[in-house]
Amino acid sequence: MHNIVFLDRDSLMADVRRPAFEHAWRDYGATSAGQVVERLRGATIAITNKVPLRAADIAQLPELKMVAVAATGANNIDLDACRARGIVVSNIRNYSLVSVPEHCLSLILALRRNLKAYGADVDAGRWQASNQFCLLDHPIADLAGSRLGIVGYGALGKQVAALGRAFGMRVAVVSRSPVDDADVDVVTLAELLATSDVVSLHLPLSAQTTNIIGARQLASMKRSALLINTARGGLVDEAALAQALTDGVIGGAGFDVLSQEPPLPGNPLLALRLPNFILTPHVAWASAGAMQTLAEMLIDNLEAFEAGKPQNVL
């Protein structure tokens, strides 16, 4: 009988059905790094969203057979240590193909139309004091006819491209895999940054992609360009971005992720009070529909493992 432990159940606001095989189940709302070994002692299956599971922890858990990641990213799991022990690690894929792209487009639209600045004007009473029927103090730009540059053309990147095209945007991509979409321009990163009106990142975080956007890359972008990141915070040098926004090097940025989450005091992006910067707290993935889909896929992964046919293995 499997002993299943969910380390951070509160991270998933969805109904989680129990797997259709004999098991014992325990879940905890949240788990600190120091509680991992104690709570997983005797577990054969660990479920974690963001709780770290490191080599030192794994070494103390001889009965552990599977780690089910309740997310796509698995940077919190020591995959090498799991492979060495023969522990199966499965993640969740393509569960937020609606939620993340819609959030991404929401950031783009809000920034291109200066919604944050105009909302602040209304709150401050500036529209009420105007001698005209409207207030036109901030530039408004249409998406139609502009260029959307997508870095990483996987499932999410393709969905963002589809939404962009629906708004009349021209799409350029940087992709490691072949692209056969006739209405997409495949370009180098340098060309994409230099020519795009909006740059949207859709990459995993790795040694190769960490700080892929730094001061030099930001300086190569159009002064009116937007940078959107709903992928991983570590893809962008946050200090360089804060300086670029402060100095007007780029037109604006919309971020849903930071390099450390929850953010640590002193992160330069937290201190920005600019109308052209929007920061949301890692919620692009978190529509009710996406979370319920994730919950179903999570248990599907457990049942596939129990059946001897593990899926979504990292």
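Reading guide: rules and limits
- Along each chain, numbering runs from 1 in the same order as the chain's sequence is written.
- The predicted origin of the model limits local features to residues at a pLDDT of at least 70 and limits the giving and counting of side-chain atom pairs to 80 or more, whereas totals for whole chains, interfaces and linings rest on all residues.
- Derived side-chain values reflect all non-hydrogen atoms in the structure, with water molecules and hydrogen atoms excluded from consideration.
- Think of it this way: any DSSP run of H or I at least four residues long counts as a helix, any run of E at least two long counts as a strand, and we number them from the N terminus.
- Burial here depends on accessible area, computed with a 1.4 Å probe over protein chains only, as a share of the maximum for the residue type. Under 20% is buried, over 50% is exposed, and the range in between is partly exposed.
- The Shrake-Rupley method, run with a 1.4 Å probe, gives the accessible areas here. Residue values count only the displayed protein chains as cover.
- Within this scheme the basic residues Lys and Arg register as positive and the acidic residues Asp and Glu register as negative, but His and the chain ends are omitted.
- Every charge is mapped to an atom, namely NZ of Lys, CZ of Arg, CG of Asp or CD of Glu.
- Strands are treated as partners if at least two bridges between them are detected by DSSP.
- Here an angle of 0 to 180 degrees is reported between the N-to-C directions of two axes, which are lines fitted to C-alpha atoms, with helices fitted over the stretch in contact.
- Any Lys or Arg side-chain nitrogen located within 4 Å of an Asp or Glu carboxyl oxygen qualifies as a salt bridge.
- For this analysis, residues touch if any pair of their heavy atoms sits within 4.5 Å.
- Cavities and pockets were defined on a 1 Å grid built from protein atoms only: a cavity is a group of points that admits a 1.4 Å probe but offers it no way out, a pocket is an open group of points flanked by protein on both sides within 12 Å along at least five of seven lines, and a lining residue is one with an atom within 4 Å of any such point.
- Grid points are joined across faces, edges and corners, and a volume is the space filled by probe spheres set on the points.
- Under the scheme applied, nonpolar residues are Ala, Val, Leu, Ile, Met, Phe, Trp, Tyr, Cys and Pro; charged residues are Asp, Glu, Lys and Arg; polar residues are all the others, including Gly.
- We call two directions roughly parallel when the angle between them is under 35 degrees, roughly antiparallel when it is over 145, roughly perpendicular when it lies between 65 and 115, and oblique otherwise.
- Two helices crossing with the near one rotated counterclockwise from the far one by less than a right angle form a left-handed crossing, whereas a clockwise rotation gives a right-handed crossing.
- Convention used here: a crossover is right-handed provided that the path from the first strand, over the helix, to the second strand proceeds clockwise when the strands point away from the viewer.

With that settled, consider the overall build of the protein chain. Along the protein chain, the regular secondary structure elements total 10 helices and 12 strands. By its C-alpha atoms, the protein chain is 70 × 45 × 30 Å across when sized along the principal axes. Looking at the protein chain as a whole, 47% of its 314 residues qualify as buried. A total accessible area of about 14800 Å² is found for the protein chain, and carbon and sulfur atoms account for 55% of it. One way to put it: in the protein chain the 27 positive side-chain charges average out to a point 3 Å from where the 30 negative ones average out.

Here 5 strands make up an open sheet; going across it, the order is E2-E1-E3-E4-E5 and the pairing parallel. Edge strands, defined here as strands with exactly one partner in the open sheet, are strand E2 (23-27) and strand E5 (88-90). Averaged over all adjacent pairs, the angle separating strand axes in this sheet is 15°, with direction ignored. Pairing of strand E4 (residues 66-69) with E5 involves 3 bridges; the strand directions are parallel. Looking at the pairing, Val67 lines up with Val89 of E5.

Looking now at the pattern of salt bridges. With the rule as written, the count across this model stands at 11 salt bridges. With a shortest N-O distance of 3.1 Å, Arg83 and Asp80 are connected by a salt bridge. Of this pair, Arg83 and Asp80 both sit in helix H3 (residues 79-85), separated by 3 residues, roughly a single helical turn. With relative accessibility at 57%, the residue Asp80 sits in the exposed group. Linking Asp142 and Arg113 is a salt bridge whose minimum nitrogen-to-oxygen distance equals 3.5 Å. Here Asp142 is found in the loop between helix H5 (115-123) and strand E6 (147-151), whereas its partner Arg113 is found in the loop between helix H4 (99-112) and H5, with 29 residues between them in sequence. Look at Asp142 and you get exposed, because its relative accessible area is 52%.

What follows deals with the side chain of Asn267. With respect to the secondary-structure elements, Asn267 resides in the loop between strand E11 (252-255) and strand E12 (277-279). Here Asn267 falls in the buried class, since its relative accessible area comes to 10%. For Asn267, the contacting residues outside a window of four places in its chain are Glu238, Leu258 and Ser259.

By volume, the second largest pocket amounts to about 230 Å³. Around the second largest pocket sit Leu111, Arg112, Asn114, His138, Pro139, Ile140, Ala141, Ser224, Leu226, Gly251, Pro275 and Asn276, which together line it. Class assignment of the residues belonging to the lining of the second largest pocket gives a composition of 6 nonpolar, 5 polar and 1 charged.

For the pair H4 and helix H6 (residues 155-166), interaxial distance at closest approach is 9 Å and the crossing angle is 50°. Overall, the two elements H4 and H6 adopt an arrangement that is oblique. In terms of crossing hand, the pair formed by H4 and H6 is right-handed. Contacts between H4 and H6 involve Val100, Pro101, Glu102, Cys104 and Leu105 on the former and, on the latter, Leu156, Gln159, Val160 and Leu163. The class makeup of the residues in the contact of H4 with H6 is 7 nonpolar, 1 polar and 1 charged.

With that settled, consider the pairing of E11. Of the two faces of E11, the one holding Gly252 and Gly254 and the one holding Ala253 and Phe255 are both buried throughout. Pairing geometry for strand E10 (residues 226-229) and E11, over 4 bridges, is parallel. In the strand pairing of E11, Leu226 is matched with Gly252. Regarding topology, helix H9 (residues 238-247) serves as the crossover connection from E10 to the parallel E11, and that connection is right-handed. With 3 bridges connecting them, E11 and E12 associate as parallel partners. Note that in E12 the partner of Phe255 across the bridge is Leu279.

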